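Here's the letter readout for the chains.
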Amino acid sequence: MNELLSLVADPAAWAALVTLVVMEVVLGIDNLVFISILSNKLPPESRQKVRRIGISLALIMRLVLLSTIALIVGLTAPVFDLGIVGPVGAHGEPGFETAFSWRDLILIAGGVFLIWKATKEIHHTVDPGKSDDVLEKDKATVVISNVGAAIFQIILLDLVFSIDSILTAVGMTDHLPIMVAAVIIAVAAMLLAADPLANFINDNPTVVMLALGFLLMIGTVLIAEGFGAHVPKGYIYTAMAFSAGVEGLNMLARKRGPKKDH
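All figures in this text were calculated on a predicted structure; none of them were measured in a lab.

How each quantity is defined
- Residues numbered from 1 in each chain as written.
- Predicted model: local features only at pLDDT ≥ 70, side-chain atom pairs only at ≥ 80, totals over all residues.
- Heavy atoms only, no water.
- Helix = DSSP H or I, 4+ residues; strand = E, 2+ residues; numbered from the N terminus.
- Buried < 20%, exposed > 50% of the residue type's maximum accessible area, 1.4 Å probe, protein only.
- Contact = heavy atoms within 4.5 Å.
- Areas by Shrake-Rupley, 256 points an atom, 1.4 Å probe, with all protein chains shown as cover.
- Patch = residues over 30% accessible without salt bridge, like charges linked within 9 Å, V, L, I, M, F, W, Y side chains within 5 Å.
- Salt bridge = Lys/Arg side-chain N within 4 Å of Asp/Glu carboxyl O.
- Phe/Tyr/Trp six-rings, centres within 6.5 Å; stacked < 30°, edge-to-face > 60°.
- Core = buried A, V, L, I, M, F, W, Y, C linked by side-chain atoms within 4.5 Å.
- Axes fitted to C-alpha atoms, helices over the stretch in contact; angles between N-to-C directions.
- Parallel < 35°, antiparallel > 145°, perpendicular 65-115°, else oblique.
- Nonpolar A, V, L, I, M, F, W, Y, C, P; charged D, E, K, R; others polar.
- Left-handed = near helix turned anticlockwise from the far one by under 90°.
- pLDDT = per-residue confidence, 0-100.

(A) Up close: the overall build of the protein. Looking only at helices and strands, the protein has nine helices and two strands in total. In sequence order, the secondary structure elements of the protein are arranged as α-α-α-α-β-β-α-α-α-α-α. Looking at the protein as a whole, 40% of its 262 residues are labelled buried. The contacts in the protein between residues at least 6 apart in sequence include a share of 76% that link residues at least 24 apart. Accessible surface, the protein as shown: approximately 14,100 Å² in total, 69% of it carbon and sulfur.

Here is the structure:
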């Protein structure tokens, strides 16, 4: 209790909390985009429920992982090494390495899954046709299976993003209460943004393709990080923001286009 009171009275703790909340929200965008795209494949009556379940599972996973911080930090210890190292960069670090930890393997698996899923969705969008994919059937008799398949895929990605999120939190502060508070606030923000984001993506078909492109890029970055290549997150989110800005201008142009004809 004394520790909590001292943290509340410490300006540095509040600064760490605000910084960590911002970082967690930014990291949560990737997770939210995936949940939005996946839930929009379901019948309308199931979408909100799946989004709520997916985000709730993300919160549960993060809190469970926070309770085992020592184990999570231990996931960064190398499990095996293939002995291959890339050229040394300007900062004295190799471009890539093959000393894989459990975290690296999880990131690589998550990246491969994201690329596979995004590629599959892009193919379905470009060439819509009959498919045996459980998330692409329209029969009412498979709604339960659809929801189950969607939740299973969300769980897989929740795990990857949760581990990345918690390792970020551990690297920014040593105080568990600050980590817990930041995670809860960030997931609450995801919960509030889930429906508006999913509806916006669903109502704007071109945004779907842009979001799928984001997932491809995120998957590639996850694989690169799994191989020890350090990709500055600022570059990734700047590219995403620039692309979203260009798409926003395109949407504005399409919206105002018909008015010019009158």
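So, next bit.
(B) Spotlight on a nonpolar patch on the surface. Taken together, the side chains of V79, F80, L82, I84 and W102 define a hydrophobic patch exposed on the protein surface, amounting to about 490 Å² of accessible area. The element best represented in the nonpolar patch is strand β1 (residues 78-85), accounting for four residues. Within the secondary structure, V79 is located in strand β1.

(C) Region of the structure containing the packing of aromatic side chains. Under the defined criterion, the tally for this structure stands at three aromatic pairs. Between F113 and W116 the ring centres are 5.8 Å apart and the planes differ by 40°, which places this aromatic pair in the tilted class. Taken together, the residues F113 and W116, both in helix α5 (residues 102-126) and three residues apart, mark about one turn of the helix. Given a relative accessible area of 16%, F113 falls into the buried group. An aromatic cluster of at least three residues, connected via ring pairs, comprises F34, F113 and W116.

(D) Inspection of the nonpolar core at higher detail. One finds F34, I55, L114, L215 and I218 to be the most contacted residues of the largest nonpolar core, which totals 49 residues. The element best represented in this core is helix α6 (residues 143-172), accounting for eleven residues. Apart from residues lying up to four places away in sequence, I218 is in contact with D30, L114, F161 and M240.

(E) The pattern of salt bridges, seen in detail. The full count for this structure, using the stated rule, is three salt bridges. The shortest N-O distance in the salt bridge between D195 and R51 comes to 2.9 Å. Residue D195 is found in helix α7 (residues 176-203), and its partner R51 is found in helix α3 (residues 44-66); the two are separated by 144 residues along the sequence. A relative accessible area of 12% places D195 in the buried class. Here R254 ties to E247 by a salt bridge, and the two come within 3.2 Å at their closest N and O atoms. A relative accessible area of 11% means that E247 is categorised as buried. Where salt bridges share partners, they join R51, R52 and D195 into one cluster.

(F) The environment of T98, seen in detail. Topologically, T98 is positioned in strand β2 (residues 97-101). For the pair T98 and D81, spaced 17 residues apart in sequence, the C-alpha to C-alpha distance is 5.6 Å.

(G) Representation of the packing of α7 against helix α8 (residues 205-226). It is the contact of α7 with α8, at a shortest axis distance of 5 Å, that shows an interaxial angle of 115°. Our classification of the angle between α7 and α8 gives roughly perpendicular. Of the residues in α8, those in contact with F200, I201 and D203 of α7 are P205, V207, V208 and A211. For the contact of α7 with α8, the class distribution of residues is six nonpolar, no polar and one charged.

(H) Spatial organisation of the packing of α3 against α7. The interhelical angle for the contact between α3 and α7, taken along N-to-C directions, is 160°, at an axis separation of 10 Å. Taken together, α3 and α7 sit at an angle that is classed as roughly antiparallel. For the element pair α3 and α7, the recorded crossing hand is right-handed. Considering only residue class, the contact of α3 with α7 consists of 14 nonpolar, three polar and five charged.

(I) Looking closely at the side chain of S36. Relative to the elements of secondary structure, S36 occurs in helix α2 (residues 11-39). If we ignore the near neighbours within four places in the chain, the residues touching S36 are A194, L197, A198 and I201.

(J) Highlighting the confidence of the model for the protein. Looking at the protein as a whole, the pLDDT averages 75, with 77% of positions reaching at least 70. Confidence, expressed as mean pLDDT per element, reaches its minimum in the protein at helix α1 (residues 2-8) with 60 and its maximum at α3 with 85. Segment residues 134-144 is flagged for pLDDT under 50; beyond a separation of four residues in sequence, or across chains, it makes 21 contacts in the model.

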